[in-house]
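Structure at a glance
Take a look at the letters that make up each chain.
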Protein chains: 2
Amino acid sequence: MAKFYGIGVGPGDPKLLTLKAVETIQMLDVIISPISEKKKESIAFNIAKSYIPEGIETVELLFPMVDDKEALVSAWKNNAEIVSQLVSSGKNVGFLTLGDPCVYSTYMYLVPYVKSNGVEIETIPGITSFCAVAADQNIPIAEWEEEICIIPLKHESDSLERALDQFSNVIVMKPSHDVERLATALKTRGLESSFKLISKCTTEHSNVVDTVDALEAGSIPYLSTMIIKKNGFK
Amino acid sequence: MAKFYGIGVGPGDPKLLTLKAVETIQMLDVIISPISEKKKESIAFNIAKSYIPEGIETVELLFPMVDDKEALVSAWKNNAEIVSQLVSSGKNVGFLTLGDPCVYSTYMYLVPYVKSNGVEIETIPGITSFCAVAADQNIPIAEWEEEICIIPLKHESDSLERALDQFSNVIVMKPSHDVERLATALKTRGLESSFKLISKCTTEHSNVVDTVDALEAGSIPYLSTMIIKKNGFK
């Protein structure tokens with residue numbers, strides 16, 4: 001029976017797809033191409049390109065970049081309708097996501113609506129950016145009884161500061177959103193060199209920043225992840 | 001040049017290894033077999049078995065299960081010495097880890113000591129148990145500006161309760177350590193059915209528990225991971 005597949009393609013290196021992801025991609029009839037979402041998914045497409053069947057049907061879905069929740073839900077419902085009809089016509093439809101489909105992905109916005117149409121769904125996990133960053137540096141994200149807090153950097157919330165004050169390891173997603181605030185949070189806590197930030201990890205453009213001076217001096221790309229270890233590095 | 005490899009084999013399904021993990025395993029000369037560590041790594045070996053070269057040299061390393069930090073460090077140094085000598089003799093040595101090597105793995109205890117011997121190290125990331133659980137249930141671990149806290153359940157710390165009180169999504173590692181306390185923490189916050197716990201996810205023995213009644217009634221296996229979503233499920 002045909003399904004709607006959410007497939008994690010990992011952080012960038014095509015060898016970091018799982019065998020299951022590759023096998024699933026190879027049997028797809030349709031690939032979703034989300035548009036107007038900071039081009040995030042075209043990166044996913046490029047990572048998986050060598051595994052995608054040649055001449056596969058591509059369906060563009062519009063995900064508007066607005067804050068209006070009603071407009072967003074309306075777009076998701078509309079997109080879910082398109083996906084559901086494709087699957088109901090017997091086609092295996094795939095939505096590729098950078099990293100893992102369950103960690104901050106656009107794919108997940110469609111899932112409840114596709115599910116409510118009675119369409120079967122399968123999600124294939126992927127390597128997250130933070131696991132890739134830690135592996136690149138041969139460092140643990142956490143050991144023993146240490147906690148890990150994953151915080152998307154946003155202006156409106158103090159979750160970064162709360163996490164840093166209470167937990168041993170903090171992962172900052174989208175650190176480029178507010179580098180100044182991030183630098184201040186690190187400096188006021190004596191964590192000037194207790195972090196690794198990697199942009200475009202596992203690709204040929206991979207770049208490591210690990211001092212506050214370098215953080216403040218450079219421009220940090222959108223595709224970056226930071227691991228802060230309050231107990232430092234061994 | 002020969003290296004010491006830490007290789008994540010994912011949560012259980014052999015198809016959830018990455019292409020890179022499989023390729024690396026196939027070129028190993030030696031596989032480390034850690035003993036006396038709750039048999040965790042023999043599970044990793046079994047997951048990867050079909051990719052491991054036949055007749056490969058296996059080296060047993062003792063990781064004592066004690067709380068004495070000095071005894072532990074001494075064992076790690078000793079094990080790192082054995083690994084370093086093997087790599088220096090030109091052999092590619094692999095340490096397989098369940099899930100991801102940077103998320104609470106035994107492999108990471110060796111890394112600083114092997115590194116200090118000047119041996120080259122490469123870590124290959126893996127699919128974490130929590131990504132596998134979320135994928136199995138087709139649910140997001142986090143969306144939008146939500147945070148994720150990952151907490152290993154331990155008696156001595158109140159990090160579980162602090163995380164639940166402050167952050168939207170909490171992942172509990174090793175929930176079997178104290179099911180009673182976990183149930184209490186959920187009940188006092190009205191989260192009786194706001195979680196998914198899966199044991200042996202992605203294997204044929206996979207089992208889902210998603211109500212406090214079932215949590216308290218059953219015996220929870222060691223290899224389990226719980227995702228608590230305070231905003232519930234869609």
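Residues numbered from 1 in each chain as written. Chains lettered and ligands numbered in written order. Predicted model: local features only at pLDDT ≥ 70, side-chain atom pairs only at ≥ 80, totals over all residues. Heavy atoms only, no water.

**As for the packing of aromatic side chains**
Counted according to the given criterion, the structure contains 13 aromatic pairs over all chains. For the ring pair Phe-4 of chain A and Tyr-107 of chain A, a centre distance of 5.5 Å and an interplane angle of 50 degrees mean the geometry is tilted. Taken as a pair, Phe-4 of chain A in strand β1 (residues 4–8) and Tyr-107 of chain A in helix α4 (residues 107–116) lie far apart in primary sequence, 103 residues in all. Note on Phe-4 of chain A: relative accessible area 0%, which makes it buried. Between Trp-76 of chain B and Tyr-109 of chain B, the aromatic rings sit 4.6 Å apart at their centres with planes inclined by 15 degrees, giving stacked as the arrangement. On the criterion of sequence distance, the pair formed by Trp-76 of chain B in helix α3 (residues 69–88) and Tyr-109 of chain B in helix α4 (residues 107–116) is long-range, its members being 33 residues apart. Here Trp-76 of chain B matches Tyr-109 of chain B in class, with each residue buried. In textbook terms, an aromatic cluster arises when at least three aromatic residues are bridged by ring pairs, as seen for Phe-4, Phe-63, Phe-95 and Tyr-107 of chain A. Here Lys-196 of chain A stacks its cationic end above the ring of Phe-233 of chain A, 4.8 Å away from the centre of that ring. (Phe/Tyr/Trp six-rings, centres within 6.5 Å; stacked < 30°, edge-to-face > 60°. Helix = DSSP H or I, 4+ residues; strand = E, 2+ residues; numbered from the N terminus. Buried < 20%, exposed > 50% of the residue type's maximum accessible area, 1.4 Å probe, protein only. Lys NZ or Arg CZ within 6 Å of the ring centre and 35° of its normal.)

**Focus: the nonpolar core**
Counting 88 residues, the largest nonpolar core has Phe-4 and Ile-141 of chain A together with Phe-4 and Ile-141 of chain B as the members making the most contacts within it. The leading source of residues in this core is α3 of chain B, at seven residues. Every residue in contact with Ile-141 of chain A, bar those within four places of it in the chain, is listed here: Phe-130, Cys-131, Ala-134, Glu-146, Ile-148, Asn-169, Ile-171, Ile-227 and Lys-229 of chain A together with Cys-102 and Val-103 of chain B. Grouped together as the second largest cluster of nonpolar side chains are 46 residues, Leu-191, Leu-215 and Ile-228 of chain A together with Ile-220 of chain B included. (Core = buried A, V, L, I, M, F, W, Y, C linked by side-chain atoms within 4.5 Å. Contact = heavy atoms within 4.5 Å.)

**Side note on the sheet that holds strand β4 (residues 93–97) of chain A**
All names here are of chain A. With parallel pairing, the five strands of this open sheet are ordered in space as β3-β2-β4-β1-β5. Both edges of this open sheet fall to β3 (57–62) and β5 (121–124), since each of them pairs with a single strand only. The average angle at which neighbouring strand axes cross in this sheet is 25 degrees, direction not considered. Direction of pairing for β1 relative to β4: parallel, over a ladder of five bridges. Opposite Gly-8, over in β4, you have Thr-97 as the bridge partner. Here α4 sits on the sheet in contact with β1, β3, β4 and β5, set at roughly 155 degrees to β5. (Pairing = 2+ DSSP bridges. Axes fitted to C-alpha atoms, helices over the stretch in contact; angles between N-to-C directions.)

**A closer look at the pairing of strand β8 (residues 195–199) of chain B**
All names here are of chain B. β8 sits mainly inside the fold: five of its five residues count as buried. The two faces of β8 match: Phe-195, Leu-197 and Ser-199 on one face and Lys-196 and Ile-198 on the other face are all buried. Relative to strand β10 (residues 224–229), β8 is paired through five bridges, and the arrangement is antiparallel. When the bridges of β10 are listed, Lys-196 appears paired with Ile-227. With three bridges joining them, β8 and strand β9 (residues 207–209) adopt antiparallel strand pairing.

**Description of the interface of chain A and chain B**
Between chain A and chain B, the contact holds 60 residues from the first and 60 residues from the second. Here chain A and chain B share an interface that buries about 4,900 Å² over both sides, 63% of which is from carbon and sulfur atoms. Summed over the shared surface of chain A and chain B, the number is two salt bridges. The partner of Lys-15 of chain B in a salt bridge is Glu-23 of chain A, and the shortest N-O contact between them spans 2.6 Å. Inspection of the chain A/chain B interface yields 23 residue pairs in polar contact (both at pLDDT 80 or more). At the level of elements, α1 (19–26), α3 (69–88), α4, β5, α5 (129–137), β6 (148–152) and α6 (159–166) of chain A are the ones that each hand at least two residues to the side of chain A that touches chain B. Pairing of β6 of chain A with strand β6 (residues 148–152) of chain B involves three bridges; the strand directions are antiparallel. (Buried area = accessible area lost by both parts, 1.4 Å probe. Salt bridge = Lys/Arg side-chain N within 4 Å of Asp/Glu carboxyl O. Polar contact = N/O pair within 3.5 Å; in protein donor to acceptor, adjacent residues only side chain to side chain.)

**A closer look at the environment of Val-93 of chain A**
All names here are of chain A. By the secondary structure assignment, Val-93 is in strand β4. Among the residues examined, Val-93 registers a relative accessible area of 0% and is labelled buried. Separated by ten residues in the primary sequence, Val-93 and Val-103 have C-alpha atoms spaced 20 Å apart.

**Things to note about the side chain of Lys-3 of chain B**
Take Lys-3 of chain B: it is sitting in the segment before β1 (4–8). A relative accessible area of 16% places Lys-3 of chain B in the buried class.

**Notes on the packing of α3 of chain A against α4 of chain A**
The packing of two helices is summarised by the inter-axis angle and the distance between the axes. Residue and element names in this part refer to chain A. The geometry of α3 relative to α4 is characterised by a closest axis approach of 8 Å and an angle of 60 degrees between their N-to-C directions. One way to sum up the angle between α3 and α4 is to call them oblique. You can see that α3 and α4 cross each other, and the crossing is right-handed. Facing Val-73, Trp-76, Lys-77, Asn-79, Ala-80, Val-83 and Ser-84 of α3, the residues of α4 in contact are Tyr-109, Leu-110, Tyr-113 and Val-114. Here the contact of α3 with α4 is composed, by residue class, of eight nonpolar, two polar and one charged. (Parallel < 35°, antiparallel > 145°, perpendicular 65-115°, else oblique. Left-handed = near helix turned anticlockwise from the far one by under 90°. Nonpolar A, V, L, I, M, F, W, Y, C, P; charged D, E, K, R; others polar.)

**A few points about the relation of the copies chain A and chain B**
By a simple turn and slide, chain A fits onto chain B: the slide is 0.0 Å along the axis, the RMSD is 0.0 Å, and the turn is 180 degrees. Accordingly, the operation relating the two chain copies is best matched by a two-fold axis. No C-alpha of chain A approaches the rotation axis more nearly than that of Thr-18 of chain A, which lies at 1.9 Å. In this assembly, 100% of the residues forming the interface of chain A have copies in chain B that are likewise at the interface, indicating an isologous arrangement. (Least-squares fit on C-alpha atoms with pLDDT ≥ 70 in both.)

**A word on the sheet that holds strand β7 (residues 169–173) of chain B**
Strand order in the open sheet formed by ten strands is β9(A)-β8(A)-β10(A)-β7(A)-β6(A)-β6(B)-β7(B)-β10(B)-β8(B)-β9(B), and the pairing between neighbours is mixed. The outermost strands of the open sheet, each flanked by one partner alone, are β9 (207–209) of chain A together with β9 of chain B. Sheet twist, expressed as the average angle between the axes of neighbouring strands with direction ignored, equals 15 degrees. With five bridges connecting them, β7 of chain B and β10 of chain B associate as antiparallel partners. Considered in β10 of chain B, the bridge of Val-170 of chain B is made with Ile-228 of chain B.

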